[in-house]
Amino acid sequence: MSFRNRCVGVGMIGFASYLALVSAARAQDTQDLDAYKLRVTAVWWFSTPTGSFTGKDNSGTFSINRDFGFGDYSTFSGTLDWRFKRKHHLLFGFSPVTSSRRVMLSRSVEFQGNTYDVGTQATADIKTLSFSPGYQYDIIRRNSIVLSIATQCYLMRTSATIDGTVMVNGNSQAKRSKGTFFGPLPIFGPRVRWYPGHNKRVAMDGSIQGMSFFGYGNFVTARGTGNILLSEHWRLNLGYLMATRLRIDTGTNEIGVRLTQKGPVAGFEVSW
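What counts, and at which threshold
- Residues numbered from 1 in each chain as written.
- Predicted model: local features only at pLDDT ≥ 70, side-chain atom pairs only at ≥ 80, totals over all residues.
- Heavy atoms only, no water.
- 1 Å grid on protein atoms, 1.4 Å probe; cavity = no way out; pocket = protein on both sides within 12 Å on 5 of 7 lines; lining within 4 Å.
- Points joined across faces, edges and corners; volume = space filled by probe spheres on them.
- Nonpolar A, V, L, I, M, F, W, Y, C, P; charged D, E, K, R; others polar.
- pLDDT = per-residue confidence, 0-100.
- Contact = heavy atoms within 4.5 Å.
- Pairing = 2+ DSSP bridges.
- Helix = DSSP H or I, 4+ residues; strand = E, 2+ residues; numbered from the N terminus.
- Core = buried A, V, L, I, M, F, W, Y, C linked by side-chain atoms within 4.5 Å.
- Buried < 20%, exposed > 50% of the residue type's maximum accessible area, 1.4 Å probe, protein only.

Caption draft 1: Fine view of the layout of surface pockets. Each pocket or cavity is described by its volume, and for the largest pocket that value is around 210 Å³. What lines the largest pocket is a set of 16 residues, among which Ala35, Lys200, Glu232, Arg235 and Ser271 lie closest to the centre. Its residues placed into classes, the lining of the largest pocket shows six nonpolar, three polar and seven charged.

Caption draft 2: Structural detail: the confidence of the model for the chain. Scored by pLDDT, the chain has a mean of 86; 88% of the residues are at 70 or more. With pLDDT under 50 throughout, residues 3-29 is counted as low confidence; its partners more than four residues away or in other chains account for three contacts.

Caption draft 3: Region of the structure containing the pairing of strand 3 (residues 73-85). With ten bridges joining them, strand 1 (residues 38-54) and strand 3 adopt antiparallel strand pairing. For leucine 38, the partnering residue across the bridge sits in strand 3 and is tryptophan 82. Here strand 3 folds back onto strand 4 (residues 88-104), and the loop between the two strands holds two residues.

Caption draft 4: Seen up close, unusual backbone geometry. Here the phi dihedral of aspartate 57 falls at roughly 55°; this positive angle occurs in a residue that is not glycine. Tracing the backbone shows aspartate 57 in the loop between strand 1 and strand 2 (61-63). Positive phi is not limited to glycine here, since asparagine 58 has a value of about 60°. As for its placement among the helices and strands, asparagine 58 is situated in the loop between strand 1 and strand 2.

Caption draft 5: Seen up close, the nonpolar core. Counting residues in hydrophobic clusters, the biggest one holds 28 residues, and the most contacted among them are Phe53, Phe62, Phe68, Ile162, Leu185, Phe219 and Val257. Listing elements by their share of this core, those giving two or more residues are strand 5 (109-111), strand 7 (121-141), strand 8 (145-168), strand 9 (171-194), strand 12 (234-248) and strand 13 (256-271). Looking at this core element by element, the count peaks at five residues for strand 8. Ignoring anything within four residues of it in the chain, the contact list for phenylalanine 68 reads Phe62, Ser63, Arg101, Val103, Leu105, Ala122, Thr123, Ala124 and Ile162. Core analysis: the second largest hydrophobic core is formed by six residues, Trp45, Tyr73, Leu241 and Val265 among them.

See below:
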């Protein structure tokens, strides 16, 4: 074989090797690390609530921290994500929150037309239940990062109840003051999922969604978590959740709400 033919042969082998490496790199680059059809997330949530409730038509206000000393409490939340096409998702969230405190009031509290005087033994119950169906579209879907826009409608019921003794015509009577807000709260905003090591071992998630209702109020929810691969389908979730920041102005037929619930979360994510 001539020197020229040997050079051509070596060149062809080198070019073929180069094409194989490029093809392998492209295949790796186009691999979808976030491939799934159905994903369920369930987390334990250690919430720290702050805020206040105002009775209908401004009939008294009480603070859940100053008046009743609400502290941390445990609850949970769950989400379902059905990725029915490559960039299209249907979402559903569920979150119940219930907490109660019994104290001796250090100041007079008025709510829903009833006044509870200083020294009264009173119990406050705060309950929030939300369902949040929605839709998500992936604007960018690469092998190691997904950037999406999600819109959801929070069907939220929030209630506040005070049980205690009030004075009526000089006589003490057991009274209950209860107010409830229920309404659909539409929100939208970005979500991102990033695999920093370009593999499935660790993923970072973040989202923020909200909506201003102009003079009526506003609603914001946000979270950030780190996810660690445990097996083919299971991941460990650790992070921080600002589940809700809700402000609804009081009206003639509904209570006013200023309520923020936030805290660390830990749980699991399962994907198929």
